[in-house]
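# Observations on the model geometry
Next come the chains, spelled out residue by residue.
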Amino acid sequence: MSYCINLWTDNSLRMIRNWTESLSDKNHRGIEYSPSPDLLMRDDPTEILPQDITAIQNIMNQFLLQQRDDLETWFGQQMSQSSYDLPMAPAAQVYQPSQVQSILQQDISLCRLMGLRMLHIGDRYFLNGESLASNYADAWNIMAHNTTINGYMLRKFIDDNDFMTQLTLLINKGYWYFQGISMKNFFDINV
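Residues numbered from 1 in each chain as written. Predicted model: local features only at pLDDT ≥ 70, side-chain atom pairs only at ≥ 80, totals over all residues. Heavy atoms only, no water.

This brings us to the overall build of the protein. A count of helices and strands for the protein gives seven helices and six strands. Starting at the N terminus and walking to the C terminus, you meet the elements of the protein as α-α-α-α-β-β-β-β-α-β-α-β-α. Counting over 191 residues, the protein shows a buried share of 31%. Considering only intrachain contacts with a sequence separation of at least 6, the fraction spanning at least 24 residues in the protein is 76%. (Helix = DSSP H or I, 4+ residues; strand = E, 2+ residues; numbered from the N terminus. Buried < 20%, exposed > 50% of the residue type's maximum accessible area, 1.4 Å probe, protein only. Contact = heavy atoms within 4.5 Å.)

If a residue is not glycine, its phi is most likely negative; likewise, a peptide bond is most likely trans. One non-glycine residue, Asp-107, lies in the positive phi region at around 65°. With respect to the helices and strands, Asp-107 occurs in the loop between helix 4 (97–105) and strand 1 (110–112). On the basis of relative accessible area, Asp-107 is assigned to the partly exposed category, the value being 45%. Even without a glycine there, the phi angle at Asn-128 is positive, about 50°. On the basis of relative accessible area, Asn-128 is assigned to the buried category, the value being 11%.

Here we come to the confidence of the model for the protein. Averaged over every residue, the pLDDT of the protein is 77; residues scoring 70 or more account for 69%. Scored below 50 in pLDDT, residues 2–8 makes six contacts in the model with residues more than four places away or belonging to other chains. (pLDDT = per-residue confidence, 0-100.)

A few words on the nonpolar core. In this structure, Leu-104, Met-118, Trp-140, Phe-163, Leu-167 and Trp-176 are the most contacted members of the largest nonpolar core, which totals 29 residues. Non-local contacts of Trp-140, meaning those with residues more than four positions away in its chain, are made with Met-118, Tyr-125, Leu-132, Ala-133, Phe-163, Gln-166 and Leu-170. (Core = buried A, V, L, I, M, F, W, Y, C linked by side-chain atoms within 4.5 Å.)

Attention shifts here to the pattern of salt bridges. Under the criterion given, the structure shown has one salt bridge. We note a salt bridge from Glu-130 to Lys-173, for which the minimum N-O separation is 2.8 Å. Pair noted here: Glu-130 is in strand 4 (residues 130–131) and Lys-173 is in the loop between helix 6 (161–172) and strand 6 (176–178), with a separation of 43 residues, a long-range link. Of the residues examined, Glu-130 reaches a relative accessible area of 22% and is grouped as partly exposed. (Salt bridge = Lys/Arg side-chain N within 4 Å of Asp/Glu carboxyl O.)

This part takes up the sheet that holds strand 5 (residues 148–149). Pairing in this open sheet of three strands is antiparallel, and the strands run 5-1-6 from one edge to the other. Each of the sheet's edge strands pairs with one partner strand only, and the pair in question is strand 5 and strand 6. (Pairing = 2+ DSSP bridges.)

In this sheet, strand 3 (residues 124–127) lies alongside strand 2 (residues 118–121) in antiparallel orientation, the contact comprising four bridges. Within the sheet, the bridge partner assigned to Ile-121 lies in strand 3 and is Arg-124. The antiparallel hairpin formed by strand 2 and strand 3 contains two residues in its connecting segment, where Gly-122 sits at a positive phi of about 60°.

To continue, consider the sheet that holds strand 4. Reading across the sheet, the three strands line up as 2-3-4 and stay open at both edges, with antiparallel pairing between neighbours. Each edge of the open sheet is held by one strand with a lone partner, namely strand 2 and strand 4. Bridge count for strand 3 against strand 4 is two bridges, and the pairing is antiparallel. Its bridge partner lying in strand 4, Leu-127 is registered against Glu-130. Its contacts with the sheet place helix 5 (residues 137–145) against strand 2 and strand 3, and it is angled at close to 45° to strand 3. (Axes fitted to C-alpha atoms, helices over the stretch in contact; angles between N-to-C directions.)

Put into structure tokens, the structure is as follows:
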């Protein structure tokens, strides 16, 4: 018998490498480094002094502070990404937003796929490595804290076409599924 406990930890060097790779993918230029002006006037210009290392640390710290938003986004995406293949949601047709709205109004439960990670940093929500629209933070909060939701829980958002479009996309990706809807009664839903 074996047990696998999935902790959200990672090696710091791997995390730094992955984050800097994500920055280079976005063409970030960084902060230019120039050696100390007194380098050539030193007794030994080949020696790296402690203040040279401190100067590099200061540049890196300044860069980290400037890239705080990118770091938050990257971290949220990385930590919400499942470390294993998610199970398949029960087979369903591709839904239209109006169908999802109708199903939720019938108070049929919407279930989150087991193992799906949904995290947030303030009002910024992340789902399986994706960023979600922050203008629906209240709805995402409900979905993040509940493995099963119903239309009543989303009543403030059920008539919002943009939200329903985004929710439908997540359902069609298989992240959420309707409990108890078969292919037969799927086609019976009034739209």
